[in-house]
Amino acid sequence: MTDLPSTASSPQKKVHIETWGCQMNVADSEKMLSLLQGERYELTDSPESADLVVMNTCHIREKARHKVLSRLGVLNEIKQSKPGLKIAVTGCVAQADGKKLLELAPQIDVLLGPGKIDDLPRLLRESADTNRSMTSLGFDRHSEEKDGHEHAHGSNAASAPSITGKPEVSRYVNIIQGCNNFCTFCVVPFTRGREISRPLAEVLSEASDLVAKGAKEITLLGQNVNSYGLDLLNTDIVPDDGGPFVKLLVAVAAIPGLERLRFTTSNPHDFTMPLAGLFAAQPKLGRYIHLPVQAGNDRTLARMKRKVTVAEYLEKVQWLREQIPDVAISTDLIVGFPGETEEEFQGTLNLVEQCQFSFIFAFKYSPRKGTAAARFADQIDEKTMDERLARLNALQDRITTKLNQAEIGQVREVLFIYESAKEPGIFVGRTPHFRTVRVRSKINLIGKTSSVMISGANKVALVGDVLEQNLTIH
Ligand code: 5AD
Ligand code: SF4
């Protein structure tokens with residue numbers, strides 16, 4: 001007799017997924033949930049009620065890694081009182097620490113790198129059969145080298161369920177895995193491998209499917225989305241017409257029913273004039289971009305191997321402002337990169353002042369094993385880093401508050417994404433400039449785009465009221 005496929009009456013198992021780190025990990029967790037649903041798992045929000053806990057981990061800074069290790073200790077205690085519980089550690093800590101992690105935490109049943117997501121169901125079965133820890137790490141080479149049409153990352157073109165289990169208005173679609181840049185501080189090329197783009201048709205099919213299921217906003221994801229498709233063309237240089245990424249944006253933007261299209265992360269080095277031009281031509285792109293600069297000093301940028309100077313970065317900001325004069329730009333910044341002098345740090349403060357970013361993600365430099373900068377002389381002491389981070393954040397807080405307060409009195413088109421769990425009746429959405437807006441409403445606003453009169457602002461969010469005419473239409 002052959003095995004029957006699972007049926008509706010098959011017992012359901014429960015999986016609890018914890019996702020750390022970046023949006024790539026959120027998208028990966030959704031893919032894993034999709035695969036696990038095929039194995040009769042359903043989501044649960046507590047590890048205590050789960051048969052399987054998946055920890056999808058982040059390795060970008062040491063702090064992120066530490067959190068993972070202490071969480072593993074807690075899960076181990078749960079497992080002691082519930083021996084049947086399976087623990088899978090996935091993501092970048094799994095890839096970076098590899099089997100060393102199994103020695104440290106033998107309670108792990110499955111260890112899976114971000115390039116091996118498709119192996120999760122097989123490893124779970126093998127671990128159950130053998131009662132041993134199973135591991136799959138590393139990266140597949142390019143998709144043509146795999147059998148059939150299976151892609152290294154996109155296990156299938158169908159859209160994955162949202163990680164909350166609810167239909168969501170704003171969804172992520174992975175377009176490119178890995179990074180070829182090797183910025184000297186960054187562990188990503190080691191934990192996520194080299195760039196592998198998903199074929200355009202596969203991305204389009206997944207995005208269309210998500211829109212058909214109710215998504216209004218799609219964010220295309222990659223460590224460096226601007227180099228999307230260059231691997232498929234066998235080149236390192238983005239063509240003058242903006243290349244495959246611009247073509248992809250045009251194609252995804254054309255999906256009927258999609259209201260907003262975003263992308264992250266955009267590396268300034270590969271940011272082209274045609275991409276800036278698309279912001280004016282395609283209103284679905286909104287008026288916001290995340291463009292990480294990392295530092296405001298040329299010597300630091302060169303030692304980071306960012307391949308842009310401050311002047312080049314400012315030129316790209318200028319391209320965007322020529323297209324959309326009030327464009328909101330956010331950025332990532334690192335303070336205390338090895339050897340950074342006070343004067344060089346001052347360059348970062350100057351750049352922040354000059355660019356008037358809508359918000360920033362500022363980090364203290366964290367040495368990562370295997371990266372070039374971890375071996376640089378003159379590592380900066382913690383106290384200096386703390387002090388620089390505080391000064392940078394204080395400056396940005398003033399700018400964010402000022403820019404947010406300038407919104408008061410404006411009417412903005414807000415796409416509502418969710419209702420506050422802590423304060424029912426408060427709906428949270430975003431303006432085209434990616435500013436968060438909170439509105440009190442008796443009507444469910446989730447998934448609606450409404451005109452909102454902004455009436456208040458602080459550094460975190462705006463508040464406002466939906467204009468009357470919107471309320472009568474629905
Ligand atoms: N130390 C501190 N911040 C880092 N980032 C990446 N690597 C490091 C590191 N070693 C930051 C960068 C990047 C963001 C995702 O994380 O600013 O853009
Ligand atoms: Fe890391 Fe640089 Fe690649 Fe971004 S571009 S993922 S910072 S190596």
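This one's a predicted model, so the numbers in the text were calculated from it and none came from an experiment. (Residues numbered from 1 in each chain as written. Chains lettered and ligands numbered in written order. Predicted model: local features only at pLDDT ≥ 70, side-chain atom pairs only at ≥ 80, totals over all residues. Heavy atoms only, no water.)

A. Region of the structure containing the sheet that holds strand β9 (residues 217-222). One open sheet holds the 4 strands; their spatial order is β8-β7-β9-β10, and the pairing between them is mixed. Strands at the two margins of the open sheet, each flanked by one partner only, are β8 (196-197) and β10 (260-264). Note: strand β7 (residues 170-177) against β8, 2 bridges, orientation antiparallel. Within the sheet, the bridge partner assigned to Ile176 lies in β8 and is Ser197. (Pairing = 2+ DSSP bridges. Helix = DSSP H or I, 4+ residues; strand = E, 2+ residues; numbered from the N terminus.)

B. The site of ligand 1, seen in detail. In the region of ligand 1, the neighbouring residues are Ile60, Arg61, Phe185, Gln294, Asp332, Ile334, Phe363, Lys364, Tyr365, Ser366 and Arg368. Between ligand 1 and the protein, one listed contact pairs an oxygen atom with a side-chain N or O atom of Gln294 at 2.6 Å. When the free accessible area of ligand 1 is taken as 400 Å², the share hidden by the protein chains comes to 86%. Elements that contribute at least two residues to the shell around ligand 1 include exactly β12 (328-335) and β13 (359-364). By residue class, the composition of the shell around ligand 1 is 5 nonpolar, 2 polar and 4 charged. (Near = heavy atom within 4 Å. Polar contact = N/O pair within 3.5 Å; in protein donor to acceptor, adjacent residues only side chain to side chain. Areas by Shrake-Rupley, 256 points an atom, 1.4 Å probe, with all protein chains shown as cover. Nonpolar A, V, L, I, M, F, W, Y, C, P; charged D, E, K, R; others polar.)

C. Broad picture of the site of ligand 2. Surrounding ligand 2, one finds Cys179, Asn181, Phe182, Cys183, Phe185, Cys186, Val188, Pro189, Gln223, Asn267 and Arg306. Partitioned by chemical class, the residues of the shell around ligand 2 number 7 nonpolar, 3 polar and 1 charged.

D. Just the packing of aromatic side chains, in detail. Scanning the entire structure with this criterion turns up 10 aromatic pairs. Members of the aromatic cluster, connected to one another through ring pairs, are Tyr288, Phe359, Phe361 and Phe434. Across the ring face of Phe363, the terminal group of Arg61 is positioned such that the distance to the ring centre comes to 3.6 Å. (Phe/Tyr/Trp six-rings, centres within 6.5 Å; stacked < 30°, edge-to-face > 60°. Lys NZ or Arg CZ within 6 Å of the ring centre and 35° of its normal.)

E. Seen up close, the sheet that holds strand β1 (residues 13-19). One open sheet holds the 6 strands; their spatial order is β2-β1-β3-β4-β5-β6, and the pairing between them is parallel. Two strands lie at the open edges of the sheet, namely β2 (41-43) and β6 (134-136), each paired on one side alone. Each neighbouring strand pair of the sheet contributes to a mean axis angle of 20°, computed without reference to strand direction. Alignment of strand β4 (residues 86-91) against strand β5 (residues 110-112), held across 3 bridges, turns out to be parallel. Paired with Thr90 across the two strands is Leu112, which belongs to β5. In the packing of helix α5 (residues 120-130) onto the sheet, the strands contacted are β2, β3 (52-57), β4, β5 and β6, and the crossing angle to β5 comes to about 155°. (Axes fitted to C-alpha atoms, helices over the stretch in contact; angles between N-to-C directions. Contact = heavy atoms within 4.5 Å.)

F. Looking closely at unusual backbone geometry. Residue Thr264 is joined to Thr265 through a cis peptide bond whose omega torsion reads 10°. The residue Thr265 is located in the loop between β10 and α10 (273-281) in this model. Of note, the phi angle at Phe182 is positive, near 50°, even though the residue is not glycine. Of note, the phi angle at Gln356 is positive, near 50°, even though the residue is not glycine.

The quantities given are spatial measurements derived from coordinates; they are silent on function.
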